[in-house]
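Chain residues, written in single-letter form:
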Amino acid sequence: NAGVTQTPKFRILKIGQSMTLQCTQDMNHNYMYWYRQDPGMGLKLIYYSVGAGITDKGEVPNGYNVSRSTTEDFPLRLELAAPSQTSVYFCASQDRNSNQPQHFGDGTRLSIL
Amino acid sequence: AQSVTQLDSHVSVSEGTPVLLRCNYSSSYSPSLFWYVQHPNKGLQLLLKYTSAATLVKGINGFEAEFKKSETSFHLTKPSAHMSDAAEYFCVVSEEGGGFKTIFGAGTRLFVKA
């Protein structure tokens, strides 16, 4: 059982470039999340989705976009990369109930130079 | 409103001694509480969860946590630290409805000395 899979694992971008971070889960979970983790910090929620076709902003959505066309996939798009977006990005999924834990991918380490 | 406070940003113990990582929370409703562990360059892994059943919760790798409603605490303990326990630990509170109503603590870095 693969769980939550994120690609790529590492990426270096130049300022102004765009890219999409991929996230897919095979547990048929309704809820999916994107977080960023800056050095020595906890996780900050970027966007989340409660099901296919439904997305909403989290705490730090500026500079990012998401889509949820299927239950399995929840890609995160950076349109104009900025140095402030250098971070580690985690995708997570969760069953419908809040008493269930979130399942995390291994992260994408993104540097913008 | 929900909040989570991990009282120590760093904890250092010697191998074989007890571990205590402290977490206080606030919630308007009966929350679900979780502890996650993050090893270097890895995602977060669930250690244990509390969901209004027994107040003493046992998790993986010998960890346990006690839910104390009167103290609004959910401290993580382990009787004897192992070198492999060195990692970052996150306390998380979640309210009914899931989605955005999940708050992560800032994390506690555990160091284990030989």
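Residues numbered from 1 in each chain as written. Chains lettered and ligands numbered in written order. Predicted model: local features only at pLDDT ≥ 70, side-chain atom pairs only at ≥ 80, totals over all residues. Heavy atoms only, no water.

Next up on the list: the packing of aromatic side chains. For the structure on display, the rule yields 12 aromatic pairs over all chains. On the basis of an interplanar angle of 80 degrees and a centroid distance of 5.6 Å, the ring pair of Phe-104 of chain A and Tyr-36 of chain B is categorised as edge-to-face. A residue pair is termed interchain when its members come from two chains, as with Phe-104 of chain A in strand S10 (residues 102-104) and Tyr-36 of chain B in strand S5 (residues 32-38). An identical accessibility class is assigned to Phe-104 of chain A and Tyr-36 of chain B; each is buried. Members of the aromatic cluster, joined through ring pairs, are Tyr-33, Tyr-35 and Phe-104 of chain A together with Phe-34, Tyr-36 and Phe-104 of chain B. Directly above the aromatic system of Phe-74 of chain A lies the positively charged group of Arg-68 of chain A, at a separation of 5.9 Å from the ring centroid. (Phe/Tyr/Trp six-rings, centres within 6.5 Å; stacked < 30°, edge-to-face > 60°. Helix = DSSP H or I, 4+ residues; strand = E, 2+ residues; numbered from the N terminus. Buried < 20%, exposed > 50% of the residue type's maximum accessible area, 1.4 Å probe, protein only. Lys NZ or Arg CZ within 6 Å of the ring centre and 35° of its normal.)

Counted under the stated rule, the structure contains two disulfides over all chains. With its sulfur 1.9 Å from that of its partner, Cys-23 of chain A forms a disulfide with Cys-91 of chain A. In this structure, the disulfide formed by Cys-23 of chain A and Cys-91 of chain A twists by about -70 degrees around the S-S bond and is classed as left-handed. Placement of Cys-23 of chain A in strand S3 (residues 19-25) and of Cys-91 of chain A in strand S9 (residues 87-94) is noted, with a sequence separation of 68 residues between them. Exposure class is identical for Cys-23 of chain A and Cys-91 of chain A. Each is buried. Disulfide pairing is shown between Cys-23 of chain B and Cys-91 of chain B; the S-S distance is 2.0 Å. On the sign convention where negative is left-handed, the bridge of Cys-23 of chain B and Cys-91 of chain B, at about -70 degrees about the S-S bond, is left-handed. Taken as a pair, Cys-23 of chain B in strand S4 (residues 23-26) and Cys-91 of chain B in strand S10 (residues 87-94) lie far apart in primary sequence, 68 residues in all. Residue classification places Cys-23 of chain B among the buried residues on the basis of a relative accessible area of 0%. (Disulfide = S-S within 2.5 Å.)

Bringing the interface of chain A and chain B into the picture now. Taken together, the contact pairs 22 residues of chain A with 23 residues of chain B. Across the chain A to chain B interface the summed buried area is about 1700 Å²; carbon plus sulfur atoms make up 55%. Taken together, the connections running from chain A to chain B amount to zero salt bridges. Along the contact surface separating chain A from chain B lie three residue pairs in polar contact (both at pLDDT 80 or more). Considering every element that reaches the side of chain A that touches chain B, the biggest residue donor is strand S4 (residues 31-37) of chain A, with four residues. Per-class residue counts for the side of chain A that touches chain B are 10 nonpolar, nine polar and three charged. (Contact = heavy atoms within 4.5 Å. Buried area = accessible area lost by both parts, 1.4 Å probe. Salt bridge = Lys/Arg side-chain N within 4 Å of Asp/Glu carboxyl O. Polar contact = N/O pair within 3.5 Å; in protein donor to acceptor, adjacent residues only side chain to side chain. Nonpolar A, V, L, I, M, F, W, Y, C, P; charged D, E, K, R; others polar.)

With that out of the way, let us pick up the nonpolar core. Formed by 26 residues in total, the largest nonpolar core has its most connected members in Trp-35, Leu-48, Leu-76 and Tyr-89 of chain B. Take this core: its biggest share by element is four residues, from S10 of chain B. (Core = buried A, V, L, I, M, F, W, Y, C linked by side-chain atoms within 4.5 Å.)

All names here are of chain A. Strand order in this open sheet of four strands is S1-S3-S8-S7, and the pairing throughout is antiparallel. Among the strands making up the open sheet, the edge pair consists of strand S1 (4-7) and strand S7 (64-66). Across the sheet, the mean angle separating the axes of adjacent strands is 20 degrees when strand polarity is ignored. For S3 and strand S8 (residues 76-78), the ladder comprises three bridges, and the chain directions are antiparallel. Within the sheet, the bridge partner assigned to Met-19 lies in S8 and is Leu-78. (Pairing = 2+ DSSP bridges. Axes fitted to C-alpha atoms, helices over the stretch in contact; angles between N-to-C directions.)

Across chain B, the average pLDDT comes to 90, with 95% of residues at or above 70. Within chain B, the lowest mean pLDDT, 85, falls on strand S11 (residues 102-104) of chain B, and the highest, 98, falls on strand S3 (residues 19-21) of chain B. (pLDDT = per-residue confidence, 0-100.)

Residue and element names in this part refer to chain A. On the secondary structure map, Gln-85 appears in the loop between S8 and S9. Classification of Gln-85 as buried rests on a relative accessible area of 5%. Of the polar contacts made by the side chain of Gln-85, one reaches the backbone oxygen of Gly-63; its length is 3.1 Å. In contact with Gln-85, other than residues within four places in its own chain, are Arg-36, Asn-62, Gly-63, Tyr-64, Leu-78, Leu-80, Leu-110 and Ile-112.

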